[in-house]
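Coordinate analysis (summary)
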Amino acid sequence: MSFALEDLPYAYDALGPYMSAETLEYHHDKHHLAYVTNGNNLLEGSGLEGKSLEEIVKESYGTNAGLFNNAGQHYNHLHFWKWMKPNGGGALPGALAKKIDEDLGGFDKFRADFINAGVTQFGSGWAWLAVKDGKLVVMKTPNGENPLVHGATPILGCDVWEHSYYIDYRNARPKYLEAFVDNLVNWEYVEELFNKAV
Ligand SMILES: [Fe+2]
């Protein structure tokens, strides 16, 4: 396979006021594109050319740092665009809400723990909701890492690299994470990944 940059699933100005067109233009058209371009260059001759993106991410982890960073970020971003939608946030689909109650102590505790994971990720990285051994877990990872390389399946992730929020929120990472959970998350897509993972 080779990596390709898909169009955003909504207009550049569709996530305002929580995420601006300027942020999406830089983040999707420049940052994500760079991961795709660099990833394709590094994939060539790596021995992983015939593998799926998930396999490339897992197999390059710890063995090919350059390829892993770019393939990981490509994987993370292609889901990140789908993890958001205009008028997102709000009520969760029933089965997912029930599982959050069972495994994470309810939505309010999940919300606080997810935001805290993003706030306390030192430097660049991601906050995650993932499925591990049949249970939901909140995680955080540095740089381009994701739950795939820790034996878990990501179903929601928030990019806490500064390129994701600095134009709109400056240094206020907590405000960005609150807006992400409350106003941007596409819970239907999270549910789709949850159903596949369990
Ligand atoms: Fe990013």
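This structure is a prediction, so every number in the text was calculated from the model and none was measured.

1. Focus on the packing of aromatic side chains
Aromatic ring pairs are reported here in terms of the distance separating the ring centres and the angle at which the planes meet. Under the defined criterion, the tally for this structure stands at 15 aromatic pairs. Ring centres 6.3 Å apart and planes at 10° place the aromatic pair Phe114 and Phe180 in the stacked group. Taken together, the residues Phe114 in helix H5 (residues 107-120) and Phe180 in helix H7 (residues 173-184) connect sequence positions 66 residues apart. In terms of burial, Phe114 and Phe180 fall into one category: buried. Arranged with centres 5.4 Å apart and planes meeting at 20°, the rings of Trp126 and Trp128 form a pair that is stacked. Note on accessibility: Trp126 and Trp128 belong to one class, buried. Taken together, the ring pairs in this structure connect Phe80, Trp81, Trp83, Phe107, Phe110, Phe114, Trp126, Trp128, Phe180 and Trp187 into an aromatic cluster. In this structure, Lys30 packs its charged tip against the face of Tyr26, placed 5.8 Å from the ring centre.

2. Examining the coordination of the iron ion
Reference values for angles at a metal are 109.5 degrees in the four-donor tetrahedral case and 90 or 180 degrees in the six-donor octahedral case. Taken together, the protein ligands of the iron ion are His27 (NE2), His77 (NE2), Asp159 (OD) and His163 (NE2), with distances of 1.9 to 2.1 Å. What the 4 donor atoms of the iron ion show is an angle range of 92 to 142° at the metal, which sorts the shape as irregular. Linear spacing of the donor residues for the iron ion on their chain is H-x49-H-x81-D-x3-H. You can see His27 sitting in helix H1 (residues 21-43) and its partner Asp159 sitting in strand E3 (residues 153-159), a full 132 residues away along the chain. An identical accessibility class is assigned to His27 and Asp159; each is buried.

3. Notes on the pattern of salt bridges
This structure, assessed with the given rule, holds 8 salt bridges. For Asp113, the salt bridge goes to Lys109, with nearest N and O atoms at 2.7 Å. Taken together, the positions of Asp113 and Lys109, both in helix H5 and 4 residues apart, correspond to about one turn of that helix. A salt bridge links Arg111 to Asp182; its shortest N-O distance comes to 2.7 Å. Placement of Arg111 in helix H5 and of Asp182 in helix H7 is noted, with a sequence separation of 71 residues between them. Look at Arg111 and you get partly exposed, because its relative accessible area is 23%. Through salt bridges with shared partners, a single ionic network connects Lys99, Asp103 and Lys135.

So, how was this worked out
- Residues numbered from 1 in each chain as written.
- Predicted model: local features only at pLDDT ≥ 70, side-chain atom pairs only at ≥ 80, totals over all residues.
- Heavy atoms only, no water.
- Phe/Tyr/Trp six-rings, centres within 6.5 Å; stacked < 30°, edge-to-face > 60°.
- Helix = DSSP H or I, 4+ residues; strand = E, 2+ residues; numbered from the N terminus.
- Buried < 20%, exposed > 50% of the residue type's maximum accessible area, 1.4 Å probe, protein only.
- Lys NZ or Arg CZ within 6 Å of the ring centre and 35° of its normal.
- Donors = N, O, S within 2.8 Å, 3.2 Å for Na, K, Ca; no water.
- Tetrahedral: all angles 85-135°; square planar, octahedral: opposite > 155°, others 65-115°.
- Salt bridge = Lys/Arg side-chain N within 4 Å of Asp/Glu carboxyl O.

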